[in-house]
Every structure is written in C-alpha cells, then in structure tokens.
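Spelled out from the first residue to the last, the chains are:
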Amino acid sequence: MTDATIHESHFKHIDRLVGELETHLENGLTQEQAKERLQKHGPNELQEKPRPGFFSLLFDQFNNFLVIILLVAAVVSLLLGEYIDATAIFVIVALNAIVGVIQESKAEAALAALKKMSAPNAQVMRGGHQLTIVSRELVAGDVVLVEAGNYIPADMRLVESVNLKVEEASLTGESVAVDKVANVVLDKEIPIGDRKNTAFMSTMVTYGRGKGIVTATGMHTQIGLIAEMIQSFEDEDTPLQVKLDQLAKTLGIVCLSICGLIFVYGIFIDTNFKSVVTEGFLAYLTAEKKTIVELFMTAVSLAIAAVPEGLPAVVTICLALGMQKMIRRHVLIRKLPAVETLGCTTVICSDKTGTLTQNQMTVVQGWVGGKKFNVTGEGYSPKGKFSLEGRALNPNDDPGMSLLLHAGALCNDSKLEESGEEKGEKSWKIIGDPTEGALVVSAAKCGLWRKELEKIIPRVQEIPFDSDRKRMTTIHQLKGAPAFSFDCPPTVAFVKGAPDFILDICKHIVENGKPVPLTAEKRKEVLAANGDMGRQALRVLGMAYRALDGVPAQCTPDTVEKDLTFVGLLGMIDPARPEVKEAVRTAQKAGLKTVMVTGDYKDTAEAIAREIGILAPGGKVLTGAELDAMSDAELAKVIGQVNVCCRVSPAHKTKIVEAFKAAGHVVAMTGDGVNDAPALKRANIGVAMGIAGTDVSKETADMVLTDDNYASIVSAIEEGRVIYSNIRKFVYYLISCNIGEILIIFLAMLFGWPLPLRPVQLLMLNLVTDGAPALALGMEKGDPDIMKLPPRPTKEPVINWEMQIGTVVQAIVMTAAVLGAYYWALKMYPEDLPRAQTIAFVTLCVSELLRAFTARSEHYSMLSIGFFSNKWMFWANGSSLLVVLISVYVPFLNPFFDTVPLSIGDWLFMLPFMFLASIAAEITKVYLRYKAAGMVTATIQ
C-alpha cells in the first residue's frame, strides 16, 4: 500500500483500487488479511499528546510551595548538623511524592481506559459477514457501511451512495452538508472539499447511506495529516472537583494562617526572644537556632499534614474507578460531571422501544383489505404459520397479503443471517433495526427472502427514514415475476411508516388485490384496525406503494411520497423487559419520576406504561399534537402530572426537557437518533443507546447504555449516588482528622507543654492517613438505603450541616484523646519525652485509622453495614498500621522518626484513648438519626 494509493484514490476507477488494496467489494477482507495489516500499519487512531511520564509526575509532586519550604528547612537542618532529622524528612517527603505519583498515574490510566471504551464502532464486511468492530481496528481495504448518524471512521473511496450527504466542517470548515456520489471519477488535482466520491475520517453522515473502501487510516488520513485531534473524552474539571478545590484552598489558607500563628507564638513562648534587644538578632539566632528551626519545621510539617493536597487526585481516582464499576453495569460515562449529576436526577425520560421493551420484534398480526390475519413464530427464526379466522393459509395465494409482505421486506435495510446452532437447530440474528428485522422475518416465513427478492426487484433509489416524516421510501425496478397478481409498471415505490402519516398521503387502498379509492369510511376502518392492535400493545407499521413512470430525477419526499395506494398493516409485539418493572419501582422509591417518551400510538404506549408501572391512576398522557398546542409555560404547569408522551418527534423531546427543567427538575433524557441530539444536549444528563444509537447521539450524550436498557439508567443513578457519597465520606474523614491535628499542636503550645508530635511524625501522619484509608472509603458499596432517599438537592454543599456537626465533634474528641494520653504519659515518664511523644503519635495514628471505619457510613453503625464488608479498608488500615509499627519497633528507624519502642503496658494505657473518637462518631450518628426522624415526623404532622 503506497502513499499514492492512500491519497489519490479519488481519480482511480473502483476496479483498479480494489486490485491495489487486494480486497473484495461484497465480501471485504478476510480476518487474516485484516489482522496482518493491523499489525503492519498499526491501529486507526490519531496520535495523542503523550501522557506525563513518571519523572514529570514526580516533579509535579515537588512543585509545591509547602514542600519546597520543608525541603529548604531540611537543608538548613543538615547544615546545622541535624543529620537524622533532615534525612528522615527527605525520606518521608520522597515517600509522599511516590504515593502521589501512584495515585495520579492510576487516575490517568483509569481515564485513558474509559476513553478507549468510549471510542466509536464501525460496520464492516469481513469474510462475507457484516460485523461491528471498534473503529481503531479498521485497516486499508476494509469495506465499510455508513448511514445517517454515523461518523466516517477512516478515509474511504465510496463505491455505493444513496442520497448520501456528509457534513465536513471538522475538516474543511464548510458547515453545509456535501452531496456524495460514488460512481464518478474525478480529476487528480481536485481540492479535498470537492472530492464527491470520497468520505473523510471524523466527518459525519447527515443523510442517506453508503459503502466505501478504506484507503487511509490513523495519521495517514487527511485529518491526521493536519494533526487535528478529535477527542472522544473531554478532559475537564467537574463542578464537584471545582467545589472541592475551592474547599481545599479555603482550608489551606486557614491552616497556613494557624500554622504561621503557631510558629510566631512558639517563638515568643519557647525562645528567649527578649535577648534580641539585649544581645542582638544574630546572637539570638545563634543561641536559639535549633529551637527556631524545629518550630519552623513543625509549622511547615503541620501545614503539609493538615492541608488535604491529595484530595484532587483521590477524587479523580474515585470518579474514574466508579465509572469503571458502571461499565460492569452496562453504563459508559463519557463526561465526568454526569457522575455527580446522577445523584441529583429527579426525572428519567425514557424511550419505549428497546429501552423499556426487549426490542426483539415479532410480527404477530396483519391487516389487509378488511381481513385480519395472525402469524406464529418466535424471535428471529423464519419458522411460523399464517392463519385467517383460525384457518391456515399461504400468504402467496392472496395478492394483497403477498404485496404487504413484499413491501415490508423490500422497504427495509435489515438483514436476516444465520448465527450458528442452538439445541440442534439453526439460530438467527438480525443485522440492523429490530423493527425492520421483524418485517424481514415475517416475509421469510412464507418463502420471501429479501436477498432473493432484491435480485428480481432491486432497489435503485431511496428516501431514508426521518423521525419528522415517520416513514421510509424505496424505489425498485421490476426485473422478474413477483408474486402479487396485478399489473405493475416497471418502477414502483414502496413506503412504510406510521399508519396515520402514511394514510395522509394515500388516495387509494388495496382490496382483493386491486386498488380502489380510499374513502372516509375505509380510512376509519384502517384506523380502527390500527387502534385495535395498539390496545394489544402491538407496534404497528403501515405499508403503501406508488406506481412510477421511471426513476425520478429528484428523489425527494415532495416528488415521490404522494398519491399512494395503502396496502395494509403489520403489528408486532415487543414485550417489556422483565427487569424493568422492578427498576421502575426502585426508581419510584428513590424519588425518581419515570416518563415514557415514544413515537408509538397512545393505545400502545398506555398499555406498556400500565404493564410496567409507569402510568399511575390519574397520570396524564400527552400526544405530540397536544404538546404542539401548549405553550412552554402551560406545559411547565402540568408536566409534573405527565407519565407518558406519545406520538412525539425529536423537537417535542427538547420541549419536554425544557418544561421539566423549568419546573425545577434535573432531567435524564434518552435518545438514539441524529435528531435526538438537541434534546440530549439540553437535558441535564443525555443518555444515548449503545446498540441502536447513532454516533452523533453517542458523541452528544453524557452517558451511553451498552445494553440499551432502562434498568441500567437506574443502576447508573444508584452508582452515581454511591460515588458522590463516598467522595463526601473521605472529604469528611480527611477534614475532621486534619483539624484535630492542628488543634493538638496549637493547644499543646497554648498550655505550655512540649510539642506532642515531631515534624517527621506529622509528615508520617500525612502518609498514613491521607492515602490508603481515604482511597478505601472511595470503594464503599454504599448505604443500604441509598435508593430509598430522595435525590440530593443541587445546591447542597459537599460538607452539609450533619457533616459539619460530625467534624466539630470528631476534631474536639480526637484532640482531647491525644492530648489526654500525652498529658498522662508526661506524668508517667517525666524524664522520657520521646516516649510520651511516641504515645501521642501512635494514639493519633490508630485513632485516625479506627475513625476511617466509622466514616464508612454517614448514618449506619459499623456493625449494621458489616464490619468486614469492605475488604479494601482492612488492607488499607492494615498496611498503614504496619508502617506505624515499623517506625516504632525497628531499632534503626527510631532515630529517624523520633520514636521509642512501646511496652504492652503502654498499649493497654493508650487503648481507651484510641477508641474515643470512633465511639463519639457512632454516638453522633445515633443523635443525627433521631434528629432526622424527628424532622420527618414533624413534616408529616
């Protein structure tokens, strides 16, 4: 494959290009060819800015004002001969930096993995089979199929195009979609913007469909040559991260101020500051240098321990790991802010087909010329029988029924393929839309196979389905003897879509195999049959045709879709997903309102909504026509009572979202089509379908359902609540511990005691408590009642009033416990200050580690949530405790950490003090539970 093949495909004949790329127009490449080319030329992706390496991340850890000050202080200590203290500080700072690098690396890796998962797919022919693969696996020579809503996954020479329009703004800057034509050969020097037979990577199909041969991938594409990176995952700070950053800065300023005050206060109390006047400043510094340096290092170490500088990295890791857990629940989060918004969601607006239902359509009824017939069979198996009034019949013997099934099979883009064997019988799958697939299967049940039909009635033109027109049209030229028995001109247009929309453009109707005028009575008869099927929860499509004199020069809805002859109706069942009922109940208990938004008829929508529990007694059902008749203000007033919106268009979806938002709701809206993008963008959370959704809807959405299942939305909301709750837990834990550390040093100095904690011990605290336990809190499963609580108010602060009470209680009790233990230790060991300081250090460390267990739930006790239910907490606290014990009991480390080995008696003495903070936390939970219960009772009364 040469550069000439890559960039000059537009002026070559297709046969020549096929030969150069050693591919096949119908079958595509073999799997072996594709694998070999992928290994040789690499993946189809643009080169990204490299992620920061280890040394870059390590440098960022030291590029911190407080750390730099501490390192300067350590250097000064070294120059003053305090080698042990200086070395210990260097080691602790290095360990802190390494922990920070590991945390940030994990966050980077997690986000990179999510980005990889959110990359788009492509439809490709491999070995004669149509497959869905990740776009990065495309290679030159692949035959790719595209349709409206798809992004072009690589540079392609088109070999087939049907009304194909491509928006190339990302490449050329031209905002108007460009018409693409496959069967032309262009001049070699023609500009990129005029290459009508070529489609370029990252551009978007806005209309029609096409097929092309990949000529260039990755950095060899046109967009790769100009190095324009198209990101599929946005790197942005979430509102939560912004709030926490502001909180950390505020705390930082307060902590620094207090630490500065401690240093100044210590200078006046612990040194002979009056000697500055009598002996001079230099003499004062010389005499008091050791005390001054120690006070300075204590203040800086305390600042480092107290300021939660690791909070952003921990939050990012928590968000990223939570998003990976969501993937296991079939939800891919594309934008980080969606995680925290999920916890505030109050309304879920969900499509019906495929989301609330199984999207495995099976035609079970039909209507033609006043006769209603039934069809048996299961799933996509082409086995089934037709019957009329209980009598078996062959549809091919009835001209009207045969025409109806021909229309359904030919006005169709889906394919029925074998997918292997199950229990000794062939199994089948549908490539394409399940609704269209049901029509293909129903025709196959009487021997009308779409692939064979297209040989005698090939498609020559089409007008793709449009959600505003609610119909699709294909134009065919007869080249054989089709099974319907009436005169038909050489060219015929088949139209399928919503029955009422089809009827509006019909003038005749088929009766006994022949067209007769469509009177008002016959129109009512058709609508009555349609309504009867709808009340049985069937999805109904109407079929019509029009005889043409030839292929129209301008194939548009205005020129083709008029003066039609109505053929009949096909009704298909799409049963509700079995898990949806329970998911709707769970959502209701969580204070979430579910609204069905569907294009189906009112009867069908009501039947399904009642079955799954969405439509409650007294709930409103609004149609698209009623939505059009209401102003935005009128809709906002009644939207709270609405449970179902039917016969809606994409424009209606946007109006529904705006109405709920105007009423103060936080809205999640599902969508799968190109025209759904505005509603997905306007919703607080846009939810795209991973299976049925277009690339445009997925790119616009905040999250993608990989199984197109409503229950996954509820699971995502639950997981979003858990993630936010866990973030609050470790913020609460870190802040309460850090405030306690500041109070311990400040009050000890105020009381005129020796400092209870050495600088290196304060740094060790930062390493022990800010790392592993905080991360372990981010792995909590969530409180048992997380989906029985109402949605979180959007303006609620991260640290709410309950946490503020808990923070004050924890800080006071922890300070009292540590200073109490230190005071009695000074009494017991009046000549052994290092032992008393070690007791204070170990008491504080263990208190904070035990405190992490109580922080696992805001309301539930440790015992009720299961003491062993978070294995990560045991690993985290176990490893942290081991570090503390090593610093105390390894002899050669004692000088570094200013510790001494403690006896069993010392541990028995410390034990009650260690548990005080945890006991206080549990008592606070009980108080807050009773207070909350009292508030609820008062509200009810």
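How each quantity is defined
- Residues numbered from 1 in each chain as written.
- Predicted model: local features only at pLDDT ≥ 70, side-chain atom pairs only at ≥ 80, totals over all residues.
- Heavy atoms only, no water.
- Pairing = 2+ DSSP bridges.
- Helix = DSSP H or I, 4+ residues; strand = E, 2+ residues; numbered from the N terminus.
- Axes fitted to C-alpha atoms, helices over the stretch in contact; angles between N-to-C directions.
- Contact = heavy atoms within 4.5 Å.
- Phe/Tyr/Trp six-rings, centres within 6.5 Å; stacked < 30°, edge-to-face > 60°.
- Lys NZ or Arg CZ within 6 Å of the ring centre and 35° of its normal.
- Patch = residues over 30% accessible without salt bridge, like charges linked within 9 Å, V, L, I, M, F, W, Y side chains within 5 Å.
- Areas by Shrake-Rupley, 256 points an atom, 1.4 Å probe, with all protein chains shown as cover.
- Salt bridge = Lys/Arg side-chain N within 4 Å of Asp/Glu carboxyl O.
- Buried < 20%, exposed > 50% of the residue type's maximum accessible area, 1.4 Å probe, protein only.
- pLDDT = per-residue confidence, 0-100.
- Parallel < 35°, antiparallel > 145°, perpendicular 65-115°, else oblique.
- Left-handed = near helix turned anticlockwise from the far one by under 90°.
- Nonpolar A, V, L, I, M, F, W, Y, C, P; charged D, E, K, R; others polar.

Participant: Run through the sheet that holds strand E28 (residues 703-705), naming residues and quoting values.
Facilitator: Within a sheet, each strand pairs with its neighbour through backbone hydrogen bonds, oriented either parallel or antiparallel. The eight strands lie next to each other as E8-E28-E27-E26-E9-E23-E25-E24, forming an open sheet whose pairing is mixed. The sheet is open, and its two edges are formed by strand E8 (331-333) and strand E24 (620-623), each paired on a single side. Across this sheet, the average inter-strand angle for adjacent strands is 20°, counted without regard to direction. Summarising the sheet, E8 and E28 pair through three bridges and their orientation is antiparallel. The residue of E28 that forms the bridge with Ile333 is Met703. Sitting on the sheet, helix H24 (residues 650-662) touches strand E9 (347-350), strand E23 (593-597), strand E25 (642-646) and strand E26 (667-671), and the angle it makes with E26 is about 170°.

Participant: With reference to specific residues and values, describe the packing of aromatic side chains.
Facilitator: Applying the stated criterion to the full structure yields nine aromatic pairs. One aromatic cluster in this structure is built from Phe751, Trp753, Tyr822, Tyr823 and Trp824. A cation over an aromatic ring shows up here: Arg792 above the ring of Tyr724, its NZ or CZ 3.5 Å from the ring centre. Above the plane of the ring of Tyr829 lies Arg835, whose end atom (NZ or CZ) is 5.3 Å from the centre.

Participant: Which residues make up a nonpolar patch on the surface, and what are the values?
Facilitator: On the surface, Ile904, Leu908, Leu911, Phe915, Ile919 and Ile923 cluster together into a nonpolar patch covering about 620 Å² of accessible area. Looking at where Ile904 falls in the secondary structure, it is placed in helix H35 (residues 904-940). Residue classification places Ile904 among the exposed residues on the basis of a relative accessible area of 66%.

Participant: So what's going on with unusual backbone geometry? Which residues, and what values?
Facilitator: Of note, His330 is a non-glycine position whose phi angle comes to about 70°, a positive value. Note that His330 resides in the loop between helix H12 (311-328) and E8. The phi angle at Asp563 is positive, at roughly 55°, despite the residue not being glycine. Checked against the element boundaries, Asp563 lands in the loop between helix H19 (557-560) and strand E22 (564-573).

Participant: Describe the pattern of salt bridges, with residues and values.
Facilitator: What the rule picks out here adds up to 43 salt bridges. Members of the salt-bridge network, linked through shared partners, are Glu160, Arg209, Asp413, Arg459 and Glu462.

Participant: Tell me what's going on with the confidence of the model for the chain, and back it up with residues and numbers.
Facilitator: On average, residues of the chain score 83 in pLDDT, and 82% of them reach the 70 mark or higher. Considering only residues more than four positions removed or in separate chains, one finds that residues 227-236, a stretch of pLDDT under 50, has 30 contacts. Taken as a whole, residues 936-941 scores under 50 in pLDDT and shows zero contacts with residues more than four places along the chain or in a different chain.

Participant: Summarise the packing of helix H27 (residues 710-750) against helix H31 (residues 833-854); cite the residues concerned and give the values.
Facilitator: Viewed as axis vectors pointing N to C, H27 and H31 meet at an angle of 160°, and their least axial separation amounts to 10 Å. Judged on the interaxial angle alone, H31 and H27 are roughly antiparallel. Seen from above, H27 lies across H31 with right-handed handedness. Two secondary-structure elements touch here, H27 through Tyr732, Tyr733, Ser736, Cys737, Glu741 and Ile744 and H31 through Leu844, Glu848, Leu849, Arg851 and Ala852. Partitioning the contact of H27 with H31 into residue classes produces seven nonpolar, one polar and three charged.

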